[in-house]
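# Overview (structure and organization)
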Amino acid sequence: MAIFHTDITDNITAKWKSSKSSYTYTNEDFRNTGIELSCDISGTNGWSYQYGVTWQNPEVKSETKKLGWERTQGKLQLTGGITYKKDKWTSSLSGSYLCSRVMNPSTAPAYATKPYFLTSWRTSYAPDKNTEVALSVDNILDRKDNLSHSSSYYYSAPVNYLLSFSYKF
């Protein structure tokens, strides 16, 4: 368990200027208070599990909008995963869900936006202590989630695969 508080004066923040088609940088105050709980469980027969929950209240005080303290980013994040390991094989499935999100445009008040859910799966085979072959799959549910918290829309990549080989020497 962790309890946290961050208070930053004059945090450098990028603001999009559509009239100039470029970013300008300003200083604004940022604060965030929250609590995080996480747990790793070593199960039996090669299984292990992990989960976590974070509740936070990230806020920004923008001098350009003159609205006082305004919430930014997500408020509640849930994470979890499961891993199976047997002999030279390891396979893991994990997810991260961020909800109670807001979009915080440069010149308009913040507004609610939908949650995002990031998922990944990785299976590896290690024939010896120096060699590993792995297959990773990100966004296994092929969701099109907006990952941004500003006025731009930066979407998650579609389902994607990576086959890798590594050798340590």
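As a reminder, the structure under discussion sits directly above these lines.
## Digging into the packing of aromatic side chains
Per the counting criterion, the structure on display carries five aromatic pairs. When the ring of Trp 47 is compared with that of Tyr 84, the centres are 4.7 Å apart and the planes differ by 45°; the resulting orientation is tilted. Of this pair, Trp 47 sits in strand E3 (residues 47–56) while Tyr 84 is found in strand E6 (residues 76–86), placing the two residues 37 residues apart along the sequence. Residue Tyr 84 is classed as partly exposed on the basis of its relative accessible area, which comes to 28%. With a centroid separation of 6.0 Å and 25° between ring planes, the pair formed by Tyr 167 and Phe 169 is classed as stacked. For Phe 169, a relative accessible area of 90% corresponds to the exposed category. When the ring centre of Trp 69 is taken as origin, the NZ or CZ atom of Arg 31, which lies over that ring, is 3.8 Å away. If you follow Lys 144 out to its NZ or CZ, it ends over the ring of Tyr 155, 4.7 Å from the centre.

## Some points on the pattern of salt bridges
Pairing between side chains becomes possible if they bear opposite charge and their charged atoms approach one another. Applying the stated criterion to the full structure yields four salt bridges. Linking Arg 31 and Glu 59 is a salt bridge whose minimum nitrogen-to-oxygen distance equals 2.7 Å. Taken together, the residues span a long stretch of sequence, with Arg 31 in strand E2 (residues 22–42) and Glu 59 in strand E4 (residues 59–61) at a distance of 28 residues. A relative accessible area of 15% places Glu 59 in the buried class. Two residues, Asp 145 and Arg 143, come together in a salt bridge whose shortest N-O distance is 2.8 Å. What makes Asp 145 buried here is its relative accessible area of 1%. Through salt bridges with shared partners, one network takes in Lys 114, Arg 143 and Asp 145.

## Some thoughts on a nonpolar patch on the surface
A grouping of Leu 93, Trp 121, Val 133, Leu 135, Ile 140, Leu 141, Tyr 161, Leu 163, Phe 165, Tyr 167 and Phe 169 is seen on the molecular surface, where their side chains present a nonpolar patch of about 1,200 Å² in accessible area. Of all elements in the fold, only strand E11 (131–138) and strand E12 (160–167) reach the threshold of two or more residues within the nonpolar patch. With respect to the helices and strands, Leu 163 occurs in strand E12.

What counts, and where the lines are drawn
- Residues numbered from 1 in each chain as written.
- Predicted model: local features only at pLDDT ≥ 70, side-chain atom pairs only at ≥ 80, totals over all residues.
- Heavy atoms only, no water.
- Phe/Tyr/Trp six-rings, centres within 6.5 Å; stacked < 30°, edge-to-face > 60°.
- Helix = DSSP H or I, 4+ residues; strand = E, 2+ residues; numbered from the N terminus.
- Buried < 20%, exposed > 50% of the residue type's maximum accessible area, 1.4 Å probe, protein only.
- Lys NZ or Arg CZ within 6 Å of the ring centre and 35° of its normal.
- Salt bridge = Lys/Arg side-chain N within 4 Å of Asp/Glu carboxyl O.
- Patch = residues over 30% accessible without salt bridge, like charges linked within 9 Å, V, L, I, M, F, W, Y side chains within 5 Å.
- Areas by Shrake-Rupley, 256 points an atom, 1.4 Å probe, with all protein chains shown as cover.

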